[in-house]
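# Residue-level structure breakdown
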Amino acid sequence: METEGRRHHVLITGGRAGIGLGLATRYLEAGHRVLVTGRGAEKLAAVSRGLPGLETFANDIADPRQREQLAAHVRRVMPDLDVVISNAGIQRRVGIAADDTPWAEAQHEIDVLLAGPVHLARLLTPHLLGHGRPSVYVNVTSGGAFLPQRSRRSTARPRRPCTATR
């Protein structure tokens with residue numbers, strides 16, 4: 001989707017840190033309107049103080065009611081929404097054969113990584129199609145969905161923020 005010559009209205013779930021924050025920064029620097037979500041209102045407020053113009057909405061994508069509240073908020077405040085980046089994510093680093101945690105933990109991971117993005121797409125697609133302009137819905141995932149994971153937490157950090165493609 002062409003990003004030059006047109007101001008985009010961007011929603012990024014999981015935009016408080018990491019990849020989501022890197023994308024939000026790049027979109028803001030390019031002059032686009034950006035709304036990010038995350039679970040902690042205080043942390044979102046701190047991020048928005050560091051990025052003038054960034055809009056925030058505290059939200060837990062794992063909760064269906066909160067997804068509905070997010071969609072209603074977006075429809076109300078971003079009638080020209082044309083970019084949705086579904087980036088919120090969590091990952092429990094355990095081998096599936098060794099995983100003896102309660103099902104509720106696995107269900108929570110499924111709710112964040114699968115049910116959340118699918119439900120949000122269902123809620124926002126009519127809005128994206130309603131204004132008649134090109135729109136895009138992007139799902140961000142990790143290689144961890146496809147590769148075996150070590151049981152210890154990785155401490156690797158990217159040296160530069162991610163860049164948006166044109």
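The structure we're discussing is the one just above.
Residues numbered from 1 in each chain as written. Predicted model: local features only at pLDDT ≥ 70, side-chain atom pairs only at ≥ 80, totals over all residues. Heavy atoms only, no water.

### Some points on the pairing of strand β2 (residues 33-38)
Rules: Three exposure classes are used, based on accessible area relative to the maximum for each residue type with a 1.4 Å probe and protein chains only: buried under 20%, partly exposed in between, and exposed over 50%. Per the convention used, a helix needs a DSSP run of H or I reaching at least four residues, while a strand needs a run of E reaching at least two, with both numbered from the N terminus. At least two bridges found by DSSP between two strands is the condition for calling them paired.
With six of six residues buried, β2 lies mostly within the body of the structure. Judged by which residues are buried, β2 turns out to be covered on both faces: R33, L35 and T37 on one side and V34, V36 and G38 on the other are all buried. In this structure, strand β1 (residues 9-13) lies alongside β2, joined through four bridges in parallel fashion. Along β2, the bridge assignment pairs H9 with R33. Relative to strand β3 (residues 55-58), β2 runs parallel, the two being bridged by four bridges. Looking at β3, one finds that G38 is bridged to A58.

### Some details on the side chain of H127
To keep it simple, the criterion reads: Contact criterion: two residues are considered in contact whenever any of their non-hydrogen atoms come within 4.5 Å of each other.
Along the chain, the position of H127 falls in helix α4 (residues 103-130). Given a relative accessible area of 14%, H127 falls into the buried group. Setting aside residues no more than four positions away along its own chain, H127 makes contact with V74, R75, M78, P79 and L81.

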